[in-house]
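What follows is each chain in one-letter form.
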Amino acid sequence: MVVSLSLRLPSLTSLFSPVTTTTADSLRRRSPAFLRRSRSHRFQSQQLPRPLFAARFSSAQGTAAAETASEEQRVDSNAKSRVNPDRDRVITPRSQDFNAWYLDVIANAELADYGPVRGTMVIRPYGYAIWEAIQEYLNVRFKETGHSNMYFPQFIPYSFIEKEASHVEGFSPELALVTIGGGKELEEKLVVRPTSETMVNHMFTQWIHSYRDLPLMVNQWVNVTRWEHRTKPFVRTLEFLWQEGHTAHATPEEAEKEAMQMINVYTKFAYEQAAIPVIVGRKSRAETFAGASMTYTIEAMMGDRKALQAGTSHNLGQNFSRAFETQFTDENGQRQHVWQTSWAISTRFVGGIIMTHGDDAGLMLPPRVAPIQVVIIPIWKKDDDKVGVLDAASSVKEVLQTAGVKVKLDDTDQRTPGWKFNFWEMKGVPLRIEIGPRDVSSGSLVISRRDIPGKQGKVFGISMEPSSLEAYVKDKLDEIQSALLEQATSFRDSNIVDVSSYDELEVAISQGKWARGPWSASDEDELKVKEETGATLRCFPFEQPQGNKTCLMTGNPAEEVAIFAKSY
């Protein structure tokens, strides 16, 4: 049966952001010509130019400024001038307009495209491959810690959402509602899943009867819909992908241990896989998830020094189990409400990887999440050299693939080697191997690192001997992984300012930095900071300084320091 959905959608006239002629022209100049040519037929009937990608995702930073940098012929991909020799691709410098740079990278690196509904996105294969790398790692960790994957329905009765008062209050502005099904008005409105605590509790109530049924620990990989008004691809869209874990326990101690365990899993992933040095801590009461007793978070500093909430773990206490009467009979025969947790990480993390490591040339991917770790570029001028070069390149590919390295051989002859250098650099591939006729003769090759520009990142004469090549490549990939984390950590630490007064906090925030200082003030004072500076209390870090502290706002004693920052 085909089901007709009647959603609360914006009017058709608001689906397309207005774009002035000047802005549209500047965006068109930045849009990659090779993408415009290959897709031009898609937009002829709709009369939607490619540059609307940037316009359709509104953000606080506004539309991008026009790119004015001149283009120069580029010989080496790691040269100072990062411009495509075929003059196809232009990326706005990060320092000029961070938001425009971000959108350019997503378009040029073929990570995502916009959907027909304003604020939605299509995740393209390369972008989805990064998400798959995140999934693969976390799936193993989830199962190692005793969780099982399953699936809950996308449509949730509206009455479920209403059962937990703070939950419905927190999510009501973001809900998408289904009112018509099969051509008929529904007896009860259905909510398109914004999160699944209510649906999970409804089912847990049917599955949990005795202490022998506990703990119950599940996870699902699904899509979520939240009707956001200000959107940014990967970071904040109407629909996004995530995993959400849900657990039920017999005691509050078990629930707290679980919530802490899962935020530690996320922290380990951020540091070891994504090379993002997050700060892990506890959310303030005002920033706690709607319906939770406690929310733990990992906060990441992006390249523009804004904070990104990259993952959360919630101790739900008994809030949802009391609302849904999710009970069990304990060992003494007494009926008790279960203690619960929920925790999630989403495709927002892909945006975090882009904004943490990318540079003016495009993406810079940590090897452990890169869809392609090594790209091989064969180089020849004479047809007599072609077969020998391609054979050598194929042999190198086979050696690395056998060793478990994710490798791509770009043996197409429609583009020049210089174009390929730029293209794969822009897509963030950690290592590039170049093989030419002289390399074949000498049994060696050239390797360039994505994270080190210029001649410093290029090494000649690397042996093609399988064991030697395998060891060298794996060692360099590990070096790149460590270097990216070290660089991001240095950037983060240099942009966190310790403050002891509200005036100092205001100055730090006005300079675009994070402010860290003692805090024991009220929710009202926290709101005042947000209204006057645009910064929010990101977390109370788990790592706290020793000694007596005085609240920066009230002058009263404070037990903890908090971090304030502007955020996505």
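See the structure printed just above.
A few points on the structure. As the structure is a prediction and not an experimental result, all values here were calculated from the model.

**So, the side chain of Gln 327**
Right, on to step 1. Within the secondary structure layout, Gln 327 lies in strand β12 (residues 327–329).
Right, on to step 2. A polar contact of 2.3 Å, which involves the side chain of Gln 327, links it to the side chain of Glu 325.
Right, on to step 3. A distance of 3.3 Å separates the side chain of Gln 327 from the side chain of His 337, its partner in a polar contact.
Right, on to step 4. The residues touching Gln 327, leaving out its near neighbours within four places in the chain, are Ile 208, His 209, Arg 335, Gln 336 and His 337.

**Here we look at the nonpolar core**
One recurring pattern in soluble globular proteins: nonpolar side chains tend to sit buried together.
Right, on to step 1. The biggest cluster of nonpolar side chains holds 60 residues, and the ones touching the most others in it are Tyr 102, Leu 111, Leu 138, Phe 234, Phe 269, Phe 349 and Ile 354.
Right, on to step 2. Setting aside residues no more than four positions away along its own chain, Phe 234 makes contact with Tyr 102, Ile 106, Leu 111, Ala 112, Met 121, Ile 123, Thr 347, Arg 348, Val 350, Gly 351 and Ile 354.
Right, on to step 3. Judged by nonpolar contacts, the second largest core, of 26 residues, contains Val 374, Leu 400, Leu 409 and Ile 462.

**As for the sheet that holds strand β6 (residues 184–192)**
Right, on to step 1. Taken in spatial order, the 3 strands make up an open sheet running β4-β6-β5, and their pairing is antiparallel. The open sheet has two edge strands with one neighbour each: β4 (155–157) and β5 (177–181). Taken pair by pair, the neighbouring strands of this sheet meet at an average axis angle of 50 degrees, ignoring direction.
Right, on to step 2. Sheet topology note: the β4/β6 ladder contains 3 bridges and is antiparallel. Following the sheet pairing, Pro 157 is matched in β6 by Leu 190.

**Points about the sheet that holds strand β16 (residues 407–409)**
Right, on to step 1. Strand order in the open sheet made by the 5 strands is β16-β15-β17-β18-β19, with mixed pairing throughout. Unpaired on one side and paired on the other, β16 and β19 (458–463) mark the two borders of the sheet. Across this sheet, the average inter-strand angle for adjacent strands is 25 degrees, counted without regard to direction.
Right, on to step 2. Here strand β17 (residues 431–435) pairs with strand β18 (residues 444–449) via 4 bridges, running antiparallel.

**Here's the deal with the side chain of Arg 193**
Right, on to step 1. Its place among the elements puts Arg 193 in the loop between β6 and α8 (197–207).
Right, on to step 2. Although Arg 193 is buried, it makes no salt bridge; Glu 244 carries the closest opposite charge, 4.6 Å away.
Right, on to step 3. In terms of polar contacts, Arg 193 uses its side chain to reach the backbone carbonyl oxygen of Phe 152, at 3.0 Å.
Right, on to step 4. Excluding residues within four positions of it along the chain, Arg 193 makes contact with Tyr 151, Phe 152, Pro 153, Gln 154, Ile 156, Gln 220, Val 222, Asn 223, Val 224, Thr 225 and Glu 244.

**Notes on helix α12 (residues 383–402)**
Right, on to step 1. Here α12 contains 20 residues, and its C-alpha end-to-end distance of 29 Å stays within 8% of the 28 Å for a straight helix at 1.5 Å per residue.
Right, on to step 2. Of all the residues in α12, the buried ones are Val 389, Leu 390, Ala 392, Ala 393, Val 396 and Leu 400.
Right, on to step 3. Where the residues of α12 are buried, they touch β15 (374–378), β16, β17, α14 (437–442), β18 and α15 (466–494).
Right, on to step 4. Just downstream of α12 lies Gly 404, where phi reads positive at about 90 degrees.

**Observations regarding the packing of helix α16 (residues 502–510) against helix α17 (residues 523–533)**
Right, on to step 1. It is at 11 Å that the axes of α16 and α17 come closest, and there the two elements cross at 40 degrees. On the basis of their axis angle, the class for α16 and α17 is oblique. Here α16 and α17 pass one another in a crossing that is right-handed. Every residue of α17 that contacts α16 at Tyr 502, Leu 505, Glu 506 and Ile 509 is listed here: Lys 528, Val 529, Glu 532 and Thr 533.
Right, on to step 2. For the contact of α16 with α17, the class distribution of residues is 4 nonpolar, 1 polar and 3 charged.

**Some thoughts on the pairing of β15**
Right, on to step 1. Of all the 5 residues making up β15, 5 are buried; the element is thus mostly covered by neighbouring parts of the structure.
Right, on to step 2. Residues Val 374, Ile 376 and Pro 378 point to one face of β15 and Val 375 and Ile 377 to the other, with burial holding for every one of them.
Right, on to step 3. As paired elements, β15 and β16 share 3 bridges and run parallel to each other. Residue Val 374 lies in a different strand from β16, and its bridge partner there is Val 407.
Right, on to step 4. Sheet topology note: the β15/β17 ladder contains 5 bridges and is parallel. Looking at β17, one finds that Ile 376 is bridged to Ile 433.

**Some words on the packing of aromatic side chains**
Here a ring pair, both rings aromatic, is described through the centre-centre distance and the interplanar angle of the planes.
Right, on to step 1. The tally for this structure, following the rule as stated, stands at 14 aromatic pairs.
Right, on to step 2. For the ring pair Trp 131 and Trp 221, a centre distance of 5.7 Å and an interplane angle of 75 degrees mean the geometry is edge-to-face. Taken together, the positions of Trp 131 in helix α5 (residues 125–144) and Trp 221 in strand β7 (residues 216–225) put the pair 90 residues apart, joining distant regions of the chain.
Right, on to step 3. Between Phe 204 and Trp 207, the ring centres sit 6.2 Å apart and the planes meet at 45 degrees, which makes this aromatic pair tilted. Placement of both Phe 204 and Trp 207 in helix α8 is noted, with a separation of 3 residues, approximately one turn of the helix.
Right, on to step 4. Residue classification places Phe 204 among the buried residues on the basis of a relative accessible area of 0%.
Right, on to step 5. For Trp 207, a relative accessible area of 36% translates into the label partly exposed.
Right, on to step 6. A cation over an aromatic ring shows up here: Lys 306 above the ring of Tyr 568, its NZ or CZ 5.0 Å from the ring centre.
Right, on to step 7. Directly above the aromatic system of Phe 421 lies the positively charged group of Arg 432, at a separation of 4.1 Å from the ring centroid.

Cut-offs and rules
Residues numbered from 1 in each chain as written. Predicted model: local features only at pLDDT ≥ 70, side-chain atom pairs only at ≥ 80, totals over all residues. Heavy atoms only, no water. Helix = DSSP H or I, 4+ residues; strand = E, 2+ residues; numbered from the N terminus. Polar contact = N/O pair within 3.5 Å; in protein donor to acceptor, adjacent residues only side chain to side chain. Contact = heavy atoms within 4.5 Å. Core = buried A, V, L, I, M, F, W, Y, C linked by side-chain atoms within 4.5 Å. Buried < 20%, exposed > 50% of the residue type's maximum accessible area, 1.4 Å probe, protein only. Pairing = 2+ DSSP bridges. Axes fitted to C-alpha atoms, helices over the stretch in contact; angles between N-to-C directions. Lys, Arg positive; Asp, Glu negative; His and termini not counted. Salt bridge = Lys/Arg side-chain N within 4 Å of Asp/Glu carboxyl O. Expected span 1.5 Å × (residues − 1). Parallel < 35°, antiparallel > 145°, perpendicular 65-115°, else oblique. Left-handed = near helix turned anticlockwise from the far one by under 90°. Nonpolar A, V, L, I, M, F, W, Y, C, P; charged D, E, K, R; others polar. Phe/Tyr/Trp six-rings, centres within 6.5 Å; stacked < 30°, edge-to-face > 60°. Lys NZ or Arg CZ within 6 Å of the ring centre and 35° of its normal.

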